[in-house]
Amino acid sequence: VPAMPPPSRMPQTRLPAPDDVEEAEGDLMQLEGDQEEEEDYPGWWLDMSTDELKAAKQKLVDLGPKGVRRKRGILKTERGDLTVKVLLGECDAALAHLDYEAEGLARIAKASPLLHTPQPCLVDTFGPGASFLAAERVVKGKATKEYQKLLGQGLAEMHLAPVYHPTFGFPLDGYCGNVPQKNNVTMEPLSWVEFWRKYRLAPQIRTIMQKYPYDK
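Residues numbered from 1 in each chain as written. Predicted model: local features only at pLDDT ≥ 70, side-chain atom pairs only at ≥ 80, totals over all residues. Heavy atoms only, no water.

### Some details on the environment of Thr125
In this fold, Thr125 is placed in strand β3 (residues 120-127). Measuring from C-alpha to C-alpha, the distance between Thr125 and Lys57 comes to 8.8 Å, with 68 residues separating the pair along the chain. Setting aside anything within four residues of it in sequence, one finds Thr125 in contact with Lys57, Val61, Cys91, Leu95, Ala130, Ser131 and Phe132. (Helix = DSSP H or I, 4+ residues; strand = E, 2+ residues; numbered from the N terminus. Contact = heavy atoms within 4.5 Å.)

### Observations concerning a nonpolar patch on the surface
Nonpolar side chains collect at one region of the surface, where Phe168, Trp192, Val193, Trp196, Leu201, Ile205 and Met209 lie side by side and expose about 710 Å² of accessible area between them. On the basis of relative accessible area, Leu201 is assigned to the partly exposed category, the value being 43%. (Patch = residues over 30% accessible without salt bridge, like charges linked within 9 Å, V, L, I, M, F, W, Y side chains within 5 Å. Areas by Shrake-Rupley, 256 points an atom, 1.4 Å probe, with all protein chains shown as cover. Salt bridge = Lys/Arg side-chain N within 4 Å of Asp/Glu carboxyl O. Buried < 20%, exposed > 50% of the residue type's maximum accessible area, 1.4 Å probe, protein only.)

### Description of the pattern of salt bridges
Should the charged atoms of two oppositely charged side chains come close, the side chains can pair. With the rule as written, the count across this model stands at 8 salt bridges. Close ionic contact of Asp81 with Arg137 constitutes a salt bridge, the shortest N to O distance being 3.4 Å. Of this pair, Asp81 sits in strand β2 (residues 80-88) while Arg137 sits in the loop between β4 (130-136) and α4 (145-159); the two residues are 56 residues apart in sequence, bridging distant segments of the chain. Glu188 serves as the salt-bridge partner of Lys198, at 2.7 Å between the closest nitrogen and oxygen. On the criterion of sequence distance, the pair formed by Lys198 in helix α5 (residues 192-211) and Glu188 in the loop between β6 (179-181) and α5 is long-range, its members being 10 residues apart. Among the charged side chains, a network of salt bridges with common partners joins Lys76, Asp81 and Arg137.

### With respect to the packing of aromatic side chains
Counting across every chain of the model gives 6 aromatic pairs. An aromatic cluster is defined as three or more aromatic residues linked by ring pairs; in this entry it consists of Phe168, Trp192, Phe195, Trp196 and Tyr199. (Phe/Tyr/Trp six-rings, centres within 6.5 Å; stacked < 30°, edge-to-face > 60°.)

### A few points about unusual backbone geometry
Here Arg72, not a glycine, exhibits a phi torsion of approximately 60 degrees, which is positive. The residue Arg72 is located in the loop between α2 (50-70) and β1 (74-77) in this model. Arg72 gets classed as exposed once you look at its relative accessible area, which sits at 76%. For Met187, which is not a glycine, the phi torsion comes out positive at approximately 60 degrees. Structurally, Met187 is set in the loop between β6 and α5. A residue is classified by how much of its surface remains accessible, and Met187, at 31% relative accessible area, is partly exposed.

### Describing the nonpolar core
With 14 residues, the main nonpolar core has Leu60, Val84, Cys121 and Ala134 as its most contacted residues. Counting residues per element, the ones that place at least two in this core are α2, β2, β3 and β4. Those residues within four positions of Leu60 in sequence are excluded, and the remaining contacts are Val68, Leu75, Val84, Phe126, Phe132 and Ala134. Judged by nonpolar contacts, the second largest core, of 7 residues, contains Leu87, Leu95, Ala102 and Val123. (Core = buried A, V, L, I, M, F, W, Y, C linked by side-chain atoms within 4.5 Å.)

Right, dumping it as C-alpha cells:
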C-alpha cells in the first residue's frame, strides 16, 4: 500500500442526488489534441472542478445504464474521454464496491507514476438499482519492447513504494469479485501467514461450513 494519508472518501467523487444537481448547459465537447498531450497531464482527472463533475454526472444520468452501454462505456467530456463502468444491484453495496475499486486505482497511480493507471473521477448512482464509476480512458497502444521494459519498471516501482500500512493487509474492507472481503483495517500486527489464515482462509471456510453443513 503506497504512502498516503489515512483512508477516506476520495475528494469530489460523490455528488448530490440527481434532483439536487443543476442541469448542465450545453453538450460536453471532447478535448482536442492527440494522445501524447493527454499523457503530459497524468493527474488532472482528480482535479476536475465541481461544475465539470456535475456536468459529467448529469450526462450519465440522462443516458442511463442502457445508454452508456450503447456508447460502449465511453463518455466524452471537455477534458477528454472517460471510461464508465456500470454496476447493477442494491445501491449501497454497488457504491461501496465501486468506491473500493476507485480507491485501488488511485493508490496504484500514486505508488507508480511510471504506470499509466486510469484516474478515477466520479463514483455515483444513476438512481435506484444502478451505479457507475467514471475514470480516465486509456487508449490501447501498440506493444513494443520499450513498453514491456517500462511495464516491468512500473511494477517494480509499485512494489517498492513506501507503505502507510505498517502490517499485512489493505487498510480498507473491500471485495473479491462480488463477495465482501474483510481486511486488516485495525492494523493488527500480523505476519503474512497469520494475515492469510485470519482474513483469507478462515472466512472462506466459515462460509462453506454455513452453506454446506452436511458436507464435512
